[in-house]
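Observations on the model geometry
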Amino acid sequence: MDTLIAIRIWILRFCHPITKSGTLHQMKRLIEFLLVSCLLATFEPAYSQKSRDIRTDEYRQLQEKLCSGWNTWYNNSLISHVLLPEGLVINMSIATDDNRKMLKEVFKSADINGRPERVFPGMRSDDGSYTSLDLSYEGINLKIETAVDGNDFVALVTPEKPSSDILVVELGIAYGHDGMIGKRDDCLVADCESRDWTVQTTGNNLSKEYLTSTSPRLNVMLDGKQAVYTGKHRSLEEIERIVAKERQAVSARVESYGNLADAFLSMQTILAWNTIYDAPNHRAITPVSRNWNQGWGGYVLFDWDTYFAAYMFSLFNKELAYANAVEITKAITPDGFIPNFQSVSGYVKDGNTSSWDRSQPPVGSKVVWEIYSRYGEEWFLEEVYDELLTWNRWWDKKRNNKGYLAWGSHFIKEGKDVSEGLQGAMYESGLDNSPMYDDVPMNEDNLMELADVGLMSMYVMDCNILKEIALVLGHKEDAKELSKRSKIYSKALESLWDEETGIYRNKRLDTGELSPALSPTNFYPMLAGCPAKHVERMINEHYFNPDEFHGEYILPSIARNCTGFTDNDYWRGRIWGPMNFLVYLGMQNYDIKEARQDLVDKSYNLLMKNWKKNGGIFENYNSITGEGDDVYNADGFYHWGALLTFMGFLESETAN
């Protein structure tokens, strides 16, 4: 690469005085480009490809199809649009008319985090053929819509009122891809492997020499509607027609969901906006939020979060459902478990790391089975079966404590990314600071001295569903093995039923005492098919109990009358989409329609309270006020919050 740069610099110096004649003109055309490999210094740093065992041609072809075309692939700005596979970037920025302030990266964040911009994400397609959002910055209020016309990109920027502020349009090449970019007159130009590109605007280009940008750019005053486009010359009216056509197509899709249209819009919107391109691994993925990706050095995939994203996608986008389920499954570690996280940060030579000491809740088989049940493509099961079976065996081998399953964090060699001890075990549970685990000791194998109702319930579910997958694929001996483990842990789970209080209880394995703390995980035995008579007591005596879980906003992550509820800190009292969702999935196994509908309705109302106010879908919510934006550690655009509306679609399908 250094040699290539040196050659380019030599060409620039040598050819400066040439004229427009013959081949010299062609060389001058070459040097009119700004010879750079990347527009923004903030694009993801290069890191090595992650090795993953892809078995099927169907999946390879699926990722090739996904990773193409114009979309919001670049993590660090919602209004940067990238063309794949070329990596050509059109980045839009906003600058005040006095050159003093410029917004180059646009995120959706909770207001409490204090970012300078405010974003309300609007309708958009999954593939980027249409996007829309409302953006406010320094008194500048804009509606930004984009569309795709064939291979070309267009954007329509509509200010709330005319001003002398500036729309800045920059051009770049992302992800270290080859190409050349530059500016000629009032046109940005790019030379990519596939073709040459031009980028123009419908407004007059201003010089604005003092803007803080050294990239090829166009500067257009926001004194009215402005448009940006590639390819042939287009009028503002023509671009408005293109955008209106794509807007109508997306609107019709949303409206087709009838009384669930708002639920679909919120869920589909957050999933689509959080889908990005992971260049070194050449894959489309949907991490929890762009804010988390930035904080983790490029991307981060969490275990159960990503499986839940795949489950939600299965409602309306088969390819992205497959992609997310496969990619988190392929993150399996050499020790045989799907890790708590996979990311680019941490101490690793190849630039990819995982939580080498711990896993997270075993929900993968459930999600994979539900996706398969909807689409019926057996290759998908074949792609992930071996990893899911290995993971299932790992729980029995590494997390068995006195015949029960317990969360843990095993010791590994120094230099890896670990959180040993009780904190590591709490991270494995997914409930990072739950009062259920306050002061629980660890044994010599670094396992909690706590038989965990939630873990064993999810594990029995995993055994039962993985057995069904094994039978579909013809693995009869595996099915017998899984059935045997299911029976063993079902029996252990039933021993945790407390007849006196009418609910399953966690049990200390060092003292034999039942845990006084109750959380939604105590309802998870419904996932494992526990007796209906136990379900009746749990629902009547605990779910509908306002002193514990019921109320205007549900379900708190620890019972309202338990120590830790009033902390309102993460898993200490706040409401979480995945907890509500797992309880709902358990309820689906029983004829308790009133409770199911209650949970569906209250979950929907909680999400809509925040979505309609500011477009926020939060990582967690206040159990008393229903607010998501009241604490700093509740990400404002975190995709599993949409599980609060997803269960409404499942309930609707059950009713039909």
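Residues numbered from 1 in each chain as written. Predicted model: local features only at pLDDT ≥ 70, side-chain atom pairs only at ≥ 80, totals over all residues. Heavy atoms only, no water.

Examining the side chain of R399
Mapping R399 onto the fold places it in the loop between helix 10 (378-398) and strand 21 (400-401). At a separation of 3.4 Å, a polar atom in the side chain of R399 contacts the main-chain carbonyl oxygen of G408. In terms of polar contacts, R399 uses its side chain to reach the side chain of H410, at 3.5 Å. Here R399 is in contact with D357, R358, W394, Y404, L405, A406, W407, G408, S409, H410, E428 and L447, once residues within four sequence places are set aside. (Helix = DSSP H or I, 4+ residues; strand = E, 2+ residues; numbered from the N terminus. Polar contact = N/O pair within 3.5 Å; in protein donor to acceptor, adjacent residues only side chain to side chain. Contact = heavy atoms within 4.5 Å.)

Things to note about the sheet that holds strand 18 (residues 300-302)
Read across the open sheet, the three strands follow the order 18-19-20; overall the sheet is antiparallel. Sheet topology places strand 18 and strand 20 (353-354) at the edges, where each strand pairs with a single neighbour. Of the strand pairs in this sheet, strand 18 and strand 19 (residues 341-343) are connected by three bridges, and their pairing is antiparallel. Residue pairing for strand 19: F302 is matched across the bridge by F341. (Pairing = 2+ DSSP bridges.)

As for the pairing of strand 8 (residues 140-149)
Each regular strand shows side chains that alternate between the opposite faces of the sheet. Summarising burial for strand 8: seven of the ten residues are buried, a large majority. Relative to strand 8, strand 7 (residues 130-137) runs antiparallel, the two being bridged by eight bridges. Bridge pairing in strand 8 links S136 to N141. Counting the residues in the hairpin turn of strand 7 and strand 8 gives two residues, including E138, whose phi is positive at 50°. As paired elements, strand 8 and strand 9 (residues 152-159) share eight bridges and run antiparallel to each other. Counterpart to K143 in the pairing with strand 9 is T158. What sits between strand 8 and strand 9 in their antiparallel hairpin is a turn of two residues, with G150 showing a positive phi close to 65°. (Buried < 20%, exposed > 50% of the residue type's maximum accessible area, 1.4 Å probe, protein only.)

Digging into the packing of helix 7 (residues 303-313) against helix 9 (residues 364-375)
Each pair of packed helices gets described by two things: the angle between the helix axes and the distance between those axes. At a minimum axis separation of 9 Å, helix 7 and helix 9 run at an interaxial angle of 15°. Judged on the interaxial angle alone, helix 9 and helix 7 are roughly parallel. Between helix 7 and helix 9 lies a crossing whose hand is left-handed. Contacts between helix 7 and helix 9 involve Y307, A310 and Y311 from the former and G364, V367, E370 and I371 from the latter. (Axes fitted to C-alpha atoms, helices over the stretch in contact; angles between N-to-C directions. Parallel < 35°, antiparallel > 145°, perpendicular 65-115°, else oblique. Left-handed = near helix turned anticlockwise from the far one by under 90°.)

Here we look at the pattern of salt bridges
Pairing of side chains with opposite charge becomes possible as their charged atoms draw close. Under the definition given, this model contains 45 salt bridges. Among the ionic pairs, R52 bridges to E327, the shortest N-O distance being 2.8 Å. Taken together, the positions of R52 in the loop between strand 1 (33-34) and helix 3 (57-66) and E327 in helix 8 (residues 318-329) put the pair 275 residues apart, joining distant regions of the chain. Between R115 and E117 there is a salt bridge; the shortest N-O distance is 2.9 Å. Under the relative-accessibility criterion, R115 is labelled partly exposed at 25%. Ionic contacts of the salt-bridge type, sharing partners, join the residues D53, R55, K330, E383, D386 and E387 into one network. (Salt bridge = Lys/Arg side-chain N within 4 Å of Asp/Glu carboxyl O.)

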